[in-house]
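Residue-level structural notes
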Amino acid sequence: MSSRIPRVSPWGVLWLTVVWVLLWGTLDLLNLLGGVLIALLVLVLFPLPRVELRLRVRPLGLLVLLGRFLLDLVRASVEVAWLSVRPGPVASGVVMDLELAGDDPLLQTLTAEMVSLVPGSVVIDLDSGSRVLTLHALNVSTRHQAEKVRHKVRAQEARVLRALHPDPTSLLDPRRRRGEAAADAAAATTTEESS
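Since the structure is predicted, the reported quantities are computational estimates derived from the model, not experimental observations.

Another aspect to go through is the pattern of salt bridges. Evaluation of the coordinates by the stated rule reveals 7 salt bridges. One salt bridge in this structure joins Asp104 and Arg54, with 3.8 Å as the shortest N-O distance. Taken together, the positions of Asp104 in the loop between strand 1 (93-99) and helix 4 (105-117) and Arg54 in the loop between helix 2 (29-45) and helix 3 (59-85) put the pair 50 residues apart, joining distant regions of the chain. Owing to a relative accessible area of 6%, Asp104 belongs among the buried residues under this scheme. The class for Arg54 is partly exposed, based on a relative accessible area of 40%. For the salt bridge of Arg68 with Asp72, the shortest nitrogen-to-oxygen distance reads 3.0 Å. Note that Arg68 and Asp72 are positioned in helix 3 at a spacing of 4 residues, about one turn of the helix. Owing to a relative accessible area of 34%, Arg68 belongs among the partly exposed residues under this scheme. Exposure remark for Asp72: the relative accessible area of 15% places this residue in the buried category. Each member of the salt-bridge network shares a partner with another, and the members are Arg68, Asp72, Arg75 and Arg159.

Have a look at this one:
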């Protein structure tokens, strides 16, 4: 029985050492060596899973994503500020579930974070396995308003996918998604029949 020591990333050691030195506030040999030892200890005792990045950065898509995010941020900030000072009844909210198109957990998390950073919406849960995003939206009292929020979240995810996913068309084109779902169902039926 061999005891296997997890592989340690040099970048992880470097970053944790930098954090250690910054926390102590002094750069000397003893502090640097202590930081390296603590970093190694943390990375050996608490190994992180390898993350596979399947990203393809598209500069134009990234520019659109960031520009629209900043615009949404300013617009929603003004709307929420008005809701807090306007006369009248207290604004109501709703909790809703949405199914995301993407299957990459990193891009799902990025979408959820960008949605949550815009005032007026808070992500409560993200189940990456079933691709369900649960969020609370402010000032929603009708089905039409809820559909507008769903549309905004789906549009945000589409911008994230167009900016960073290797093949966003496969996820965003409804005809391709229906075709892939039909092919998966046919493959499952064939597998069941051969069993």
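Before going further, it helps to spend a moment on helix 3. Between the first and last C-alpha of helix 3 there are 39 Å, a value that for 27 residues agrees with the 39 Å anticipated at 1.5 Å per step. Buried within helix 3 are the following residues: Gly61, Leu65, Phe69, Asp72, Ala76 and Leu83. Turning to helix 3, the residues buried within the fold contact helix 4, strand 3 (132-138) and helix 5 (143-164).

Below, the discussion takes up the nonpolar core. Among the nonpolar cores identified, the biggest contains 13 residues, and Met96, Leu133, Leu135, Ala137, Val149 and Val153 are the most heavily contacted of them. Taken together, the elements giving at least two residues each to this core come down to strand 1, helix 4, strand 3 and helix 5. Not counting the four nearest positions on each side in its chain, Leu133 is found in contact with Met96, Asp97, Leu98, Leu100, Ala112, Val123, Asp125, Leu126 and Val153.

Moving on, we get to the sheet that holds strand 2 (residues 121-127). Whether parallel or antiparallel, the strands of a sheet pair through hydrogen bonds between backbone atoms. Here we have 3 strands laid out as an open sheet, ordered 1-3-2, and antiparallel in their pairing. Bordering the open sheet on either side are strand 1 and strand 2, each of which pairs with just one other strand. The average undirected angle you get between the axes of adjacent strands in this sheet is 20°. Taken together, the 7 bridges between strand 1 and strand 3 define a ladder with antiparallel strand orientation. Within the sheet, the bridge partner assigned to Gly93 lies in strand 3 and is Leu138. Sitting on the sheet, helix 4 touches strand 2 and strand 3, and the angle it makes with strand 2 is about 160°. Contacting strand 1 and strand 3, helix 5 runs over the sheet at an angle of about 45° to strand 1.

What follows concerns a nonpolar patch on the surface. A cluster of nonpolar residues, Leu16, Ile38, Leu41, Val42, Leu45 and Phe46, forms a patch on the protein surface that exposes about 530 Å² of accessible area. No other element matches helix 2, which puts 4 residues into the nonpolar patch. Relative to the helices and strands, Phe46 resides in the loop between helix 2 and helix 3. By relative accessible area, which is 56% here, Phe46 ends up exposed.

Here we take up the packing of aromatic side chains. What describes a pair of aromatic rings is the distance from one ring centre to the other and the angle between the planes of the rings. Tallied over the entire structure, the rule returns 1 aromatic pair. With 5.7 Å between their ring centres and 50° between their planes, Trp20 and Trp24 make a pair best called tilted. Within this pair, Trp20 and its partner Trp24 are both found in helix 1 (residues 10-24), separated by 4 residues, close to a single helical turn. Owing to a relative accessible area of 55%, Trp24 belongs among the exposed residues under this scheme.

Running from N to C, helix 1 and helix 2 point in directions that differ by 130°, and their axes come no closer than 8 Å. Our classification of the angle between helix 1 and helix 2 gives oblique. The two elements helix 1 and helix 2 meet at a crossing, and its hand is right-handed. The segment helix 1 lies against helix 2, with Gly12, Val13, Leu16, Thr17, Trp20, Val21 and Trp24 engaging Asn31, Leu32, Gly34, Gly35, Val36, Ile38, Ala39, Leu40, Val42 and Leu43. Of the residues belonging to the contact of helix 1 with helix 2, the class tally is 12 nonpolar, 5 polar and no charged.

Each value, and the rule that gives it
- Residues numbered from 1 in each chain as written.
- Predicted model: local features only at pLDDT ≥ 70, side-chain atom pairs only at ≥ 80, totals over all residues.
- Heavy atoms only, no water.
- Salt bridge = Lys/Arg side-chain N within 4 Å of Asp/Glu carboxyl O.
- Helix = DSSP H or I, 4+ residues; strand = E, 2+ residues; numbered from the N terminus.
- Buried < 20%, exposed > 50% of the residue type's maximum accessible area, 1.4 Å probe, protein only.
- Expected span 1.5 Å × (residues − 1).
- Contact = heavy atoms within 4.5 Å.
- Core = buried A, V, L, I, M, F, W, Y, C linked by side-chain atoms within 4.5 Å.
- Pairing = 2+ DSSP bridges.
- Axes fitted to C-alpha atoms, helices over the stretch in contact; angles between N-to-C directions.
- Patch = residues over 30% accessible without salt bridge, like charges linked within 9 Å, V, L, I, M, F, W, Y side chains within 5 Å.
- Areas by Shrake-Rupley, 256 points an atom, 1.4 Å probe, with all protein chains shown as cover.
- Phe/Tyr/Trp six-rings, centres within 6.5 Å; stacked < 30°, edge-to-face > 60°.
- Parallel < 35°, antiparallel > 145°, perpendicular 65-115°, else oblique.
- Left-handed = near helix turned anticlockwise from the far one by under 90°.
- Nonpolar A, V, L, I, M, F, W, Y, C, P; charged D, E, K, R; others polar.

The values are spatial; any link to function lies outside them.
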